[in-house]
Amino acid sequence: MLRTAWNACVSRRLPFSLVHFVTNRCNGHCPHCFVEIRDPRSEADELTLEEIGELTRHLGGCLFNVNLTGGEPFLRKDLWEIAEAYLRNASVRSVYITSHGGFPESVRQFVERFIASPDSNKCQLTTSFSVDDIGEDHDRRRGIPGLFARALESYAFVRDRQHPRVRANLGITVTPWNHDRVLQLYEHLTHDQKVGSITATAMRRAGKVRSIPAHEMTRIQASYQALTRRILADRQAGRLEGFGGSLRGRLMNAKNREMYALLARNLVDPHFESWCPAASTFGVIAAEGTVYPCEVLERPMGNLREHGMDLCSLWEDGPAGQIRSRIAQSRCHCTYECAWTVNLISNPRRASRLLLTALNLHA
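Thresholds, definitions, all that
- Residues numbered from 1 in each chain as written.
- Predicted model: local features only at pLDDT ≥ 70, side-chain atom pairs only at ≥ 80, totals over all residues.
- Heavy atoms only, no water.
- Helix = DSSP H or I, 4+ residues; strand = E, 2+ residues; numbered from the N terminus.
- Expected span 1.5 Å × (residues − 1).
- Buried < 20%, exposed > 50% of the residue type's maximum accessible area, 1.4 Å probe, protein only.
- Arc of directions from axis to C-beta.
- Contact = heavy atoms within 4.5 Å.
- Patch = residues over 30% accessible without salt bridge, like charges linked within 9 Å, V, L, I, M, F, W, Y side chains within 5 Å.
- Areas by Shrake-Rupley, 256 points an atom, 1.4 Å probe, with all protein chains shown as cover.
- Salt bridge = Lys/Arg side-chain N within 4 Å of Asp/Glu carboxyl O.
- Axes fitted to C-alpha atoms, helices over the stretch in contact; angles between N-to-C directions.
- Parallel < 35°, antiparallel > 145°, perpendicular 65-115°, else oblique.
- Left-handed = near helix turned anticlockwise from the far one by under 90°.
- Nonpolar A, V, L, I, M, F, W, Y, C, P; charged D, E, K, R; others polar.
- 1 Å grid on protein atoms, 1.4 Å probe; cavity = no way out; pocket = protein on both sides within 12 Å on 5 of 7 lines; lining within 4 Å.
- Points joined across faces, edges and corners; volume = space filled by probe spheres on them.
- Pairing = 2+ DSSP bridges.
- Phe/Tyr/Trp six-rings, centres within 6.5 Å; stacked < 30°, edge-to-face > 60°.

**Looking at the environment of Asn24**
Point 1. Residue placement: Asn24 occurs in the loop between β1 (17-21) and α2 (49-57).
Point 2. Each C-alpha atom, one on Asn24 and one on Gly71, is 4.5 Å from the other, the two residues being 47 residues apart in sequence.

So this is what it looks like as structure tokens:
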């Protein structure tokens, strides 16, 4: 852990957190998707389990967190084995899975295998299922009949398992299509469905939607602010548990509090606030092995297959250094939550503020 902390906060030479798109396949058709999903039938070029095993064996203890996503990650039948490779070979301490929740049986099997694995003893698993509208409106928007009910079933199983190293969350994305109903959705989830952990995301100009008119972004911003204020107020009052009362959970709650405020003031008119960890301590692995600094900058750092699946070698190669320099010189900034999460917990000034909030407040 000392090596991980030194890398995250001081040397900043190797990835502390990764987003790994384990597949491009998805059975949904969400209009607000952040990622350009290619032909859902195409899986021939995905990294194999053997290649991912080799990737994780090269990570050398620098990695703390991995986000497994897609596409829909549970469309990979070997998703548990992928997570197990990160646990066993890279000793990650946090696995975060984002899913539409449409495969509750696969979720159940994954969680049970995680709990039973001796390699997961020091790791926290968070499953976050996306819900953006109520009932059939949600299903219609995402193009999957019955998805809303199955997402709630997936959430309920993880929540009711009540295991200290496994947490369930529902994520609401505020979009041009639901901004006028997100508080109604939130009330339905918390009051009618008894959901205890909800996070908020604001749609950004990426993926399928490259441009959002200014007046729409203003509406998204207003709804995002109203939703996050409600989340924070309910967490403060104990009506939401958030990520729990452990120190790690309180730090996550404090981080979300800080990020909500930061993103709200940058949605309409983004501006530089502090150093970006992309290509330094944070990166993105595409399904076929291409590595990017983040989801926003479409500048490939290289492909893992061309580096013998050695991410650390790729990380220190020429293109990676050039991209880091461009990010620093251009004062690159955006509203990409995953990169901001790493910024908030690895920036000493911001991290100390989070720690004080976690220790002194009901974060």
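Okay, back to it.
**Describing helix α4 (residues 104-116)**
Point 1. End to end, α4 covers 18 Å across 13 residues, agreeing with the expected 18 Å (1.5 Å per residue, within 8%).
Point 2. Considered for burial, the residues of α4 that qualify are Pro104, Val107, Phe110, Val111, Phe114 and Ile115. Summarising the axial view, the buried residues of α4 lie within an arc of 130°, below the 170-degree limit, and thus occupy one face.
Point 3. Buried residues along α4 sit in contact with α3 (79-90), β3 (94-99), β4 (124-130), α6 (147-161) and β5 (166-174).

**Some remarks on a nonpolar patch on the surface**
Point 1. Nonpolar side chains collect at one region of the surface, where Leu247, Leu355 and Leu359 lie side by side and expose about 280 Å² of accessible area between them.
Point 2. Residue class for Leu355 comes out partly exposed when judged on its relative accessible area of 38%.

**As for the packing of α2 against α3**
Point 1. With their axes 8 Å apart at the nearest point, α2 and α3 run at an angle of 25° to one another. The orientation of α2 relative to α3 falls into the category roughly parallel. As for how α2 packs across α3, the hand of that crossing is right-handed. Between α2 and α3, the residues in contact are Leu49, Ile52, Gly53, Leu55, Thr56 and Arg57 and Glu81, Ile82, Ala85, Tyr86, Asn89 and Ala90, respectively.
Point 2. Of the residues contributing to the contact of α2 with α3, the split by class is 7 nonpolar, 3 polar and 2 charged.

**Quick notes on empty space enclosed by the protein**
Point 1. Inspection of every chain in the model, using the stated rule, returns 2 cavities of 30 Å³ or more.
Point 2. Forming the boundary of the largest cavity are Ser274, Trp275, Cys276, Pro277, Cys332, His333, Cys334, Ala339, Trp340 and Asn343.
Point 3. The class makeup of the residues in the lining of the largest cavity is 7 nonpolar, 3 polar and no charged.
Point 4. The computed volume of the second largest cavity comes to approximately 50 Å³.
Point 5. Lining of the second largest cavity is provided by His32, Asp132, Asp133, Arg141, Thr175, Trp177, Asn178 and Arg181.
Point 6. Looking at the lining of the second largest cavity residue by residue, the class counts come to 1 nonpolar, 3 polar and 4 charged.

**A few points about helix α5 (residues 135-142)**
Point 1. Within the span of α5, buried status applies to Gly135, His138, Asp139 and Arg142. The buried residues of α5 occupy an angular sector of 95° when projected down its axis, which confines them to one face. Projecting away from the buried face of α5 at angles above 90 degrees are the exposed residues Glu136 and Arg140.
Point 2. Just downstream of α5 lies Gly143, where phi reads positive at about 75°.

**What about the sheet that holds β4?**
Point 1. The sheet built from 9 strands is open, its strands ordered β6-β5-β4-β3-β2-β1-β7-β8-β9 with mixed pairing. Bordering the open sheet on either side are β6 (198-202) and β9 (302-303), each of which pairs with just one other strand.
Point 2. Across 2 bridges, strand β7 (residues 282-285) lies against strand β8 (residues 290-292) in antiparallel orientation. Opposite Ile285, over in β8, you have Val291 as the bridge partner.
Point 3. Here helix α12 (residues 337-346) sits on the sheet in contact with β1, β2 (65-69), β6 and β7, set at roughly 150° to β7.

**Topic: the pattern of salt bridges**
Point 1. Applying the stated rule across the entire model yields 21 salt bridges.
Point 2. The closest approach of N and O atoms between Arg88 and Glu84, which form a salt bridge, is 3.0 Å. Of the two residues, Arg88 and Glu84 are both situated in helix α3; the distance of 4 residues between them amounts to about one turn of the helix.
Point 3. The partner of Arg230 in a salt bridge is Glu187, with the nearest N and O atoms 2.7 Å apart. Note that Arg230 is positioned in helix α8 (residues 214-236) and Glu187 in helix α7 (residues 182-192), a separation of 43 residues in sequence.

**Some points on the packing of aromatic side chains**
Centre-to-centre distance and the angle between the planes together describe a pair of aromatic rings.
Point 1. One pass over the full model with this rule turns up 4 aromatic pairs.
Point 2. On the basis of an interplanar angle of 5° and a centroid distance of 5.3 Å, the ring pair of Phe16 and Phe64 is categorised as stacked. Here Phe16, found in the loop between α1 (2-11) and β1, pairs with Phe64, found in the loop between α2 and β2; they are 48 residues apart in sequence, far enough to count as distant.
Point 3. Note on Phe64: relative accessible area 18%, which makes it buried.
Point 4. With a centroid separation of 6.0 Å and an interplanar angle of 85°, the aromatic rings of Phe74 and Phe110 are classed as edge-to-face. Here Phe74, found in the loop between β2 and α3, pairs with Phe110, found in helix α4; they are 36 residues apart in sequence, far enough to count as distant. The pair formed by Phe74 and Phe110 is uniform in burial state, with each residue classed as buried.
Point 5. One aromatic cluster in this structure is built from Phe74, Trp80 and Phe110.

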